[in-house]
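Architecture at a glance
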Amino acid sequence: MTDFPTMTVGIVLFNGDPGLLDQCLASVAREAAAADVDVEVLLFDNASTEPVRPPAGAVVIRCEDNLGFGRACNRIVSQAGGAVTLLLNPDAALGPGSLTPLLEAARAARPGEMLWGGYLCRDGQGQVDAFWHWWSSAEHLLRWPRVAARLPTARDAPMEVEKLCGGALAGFTSDLRTLGPFDESFFLYGEDADLSLRARAAGYRLVLLPAMVVEHYAAASMAAHSGLVEEARADAALRVVALHQPYFYGLLARLDMVLFTLAGLRHGRSSTSARSRLRRLRQVRRWGLHRTVPPFAPRRSPHE
């Protein structure tokens, strides 16, 4: 047995693809057996229209309202019984041998020192945006090639990164509770960037575990809710800036979003995609000149 007799894997659900969820849960069971650790699986059902049928041993926490991704994760962490908690997307699958590096890292650390992230891949390619932070689309455009060139491979040693992705984020359960882990003013997206900034300010190291490979598929509900996704992303991006940068910088971020949104319409996107993209401007208008605004809370929206 490992030094941790149990760990918790928490997954937030909202009208996702049952096949992807089955694949995710099967990978958790397989890797738990390989790492010789008992895993408590907590599924938070964010008011899905179809009831979730959990596999044997999994616990479903049902909610009558869609709380959003961050609030749902916070409920999971508050009920987690494991010393280490891994928050995992339902459209992700753990790769072979992926839990062992996490448990080894936790054995070598003490609470209050670090959080860990899995190496998120899509079709075998590392997801660059999962591991670094940017304040504006302009910065993203300028820095992306340099960051992509430094992307590790699964053979590389653990490395510190700017940001951890909420799709495969782990820490001592006590640390996650201390940190929140997420700010509940974020409905969808951005909560992991905010957590990363707060954790680093509190002295935590953010460590990417390249050997902890997590295959991350496109969210099954994203296409059907693309407009809401764009609005949620826009609100999240503006909220991160408002929380961590001076007011004037927040105004520049809103201008940056308007310019890049309009510029993106000229790159051969379909009319449906263009309409969805324009939904970002609703959030820019909502933020206006305000220092902050109430949380974005649509009636229906997918999780990450």
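It should be noted that the structure appears before, not after, this text.
What you see is a predicted model, and the numbers here were worked out from it, not measured in a lab.

A word on the overall build of the protein chain. What the protein chain contains, in helices and strands, is ten helices and ten strands. Taken against the 2.2 N^0.38 rule, which gives 19 Å for 304 residues, the C-alpha radius of gyration of the protein chain at 19 Å falls within 12% of a compact globule. Overall, the protein chain is about 55 × 40 × 35 Å in size when its C-alpha atoms are taken along their principal axes. In the protein chain, which comprises 304 residues, the proportion classed as buried is 53%. Restricting to contacts in the protein chain with at least 6 residues of sequence separation, those with at least 24 account for 78%. Between the averaged position of the 32 positive side-chain charges in the protein chain and that of its 32 negative side-chain charges there is a distance of 9 Å.

For the structure on display, the rule yields six aromatic pairs. Their ring planes at 40 degrees and their centres at 6.0 Å tell us that F69 and F182 sit as a pair that is tilted. Within this pair, whereas F69 is found in helix 2 (residues 69-79), its partner F182 is found in the loop between helix 5 (173-179) and helix 6 (191-201), the two being separated by 113 residues in sequence. Ring centres of W132 and W134 lie 5.0 Å apart, and the angle between their planes is 45 degrees; on these two criteria the pair is classed as tilted. For R233, the ring lying beneath its charged end belongs to Y189, and the centroid distance is 4.7 Å.

Time to look at the packing of helix 1 (residues 18-35) against helix 3 (residues 99-107). The N-to-C vectors of helix 1 and helix 3 enclose an angle of 55 degrees; their axes lie 9 Å apart at closest approach. In terms of axis orientation, helix 1 runs oblique to helix 3. Of helix 3, the residues touching helix 1 (which contributes E31, A32 and A35) are L99, T100 and L103. Looking at the contact of helix 1 with helix 3 residue by residue, the class counts come to four nonpolar, one polar and one charged.

What counts and how
- Residues numbered from 1 in each chain as written.
- Predicted model: local features only at pLDDT ≥ 70, side-chain atom pairs only at ≥ 80, totals over all residues.
- Heavy atoms only, no water.
- Helix = DSSP H or I, 4+ residues; strand = E, 2+ residues; numbered from the N terminus.
- Rg over C-alpha atoms; globule rule 2.2 N^0.38 Å.
- Buried < 20%, exposed > 50% of the residue type's maximum accessible area, 1.4 Å probe, protein only.
- Contact = heavy atoms within 4.5 Å.
- Lys, Arg positive; Asp, Glu negative; His and termini not counted.
- Charge placed at Lys NZ, Arg CZ, Asp CG, Glu CD.
- Phe/Tyr/Trp six-rings, centres within 6.5 Å; stacked < 30°, edge-to-face > 60°.
- Lys NZ or Arg CZ within 6 Å of the ring centre and 35° of its normal.
- Axes fitted to C-alpha atoms, helices over the stretch in contact; angles between N-to-C directions.
- Parallel < 35°, antiparallel > 145°, perpendicular 65-115°, else oblique.
- Nonpolar A, V, L, I, M, F, W, Y, C, P; charged D, E, K, R; others polar.

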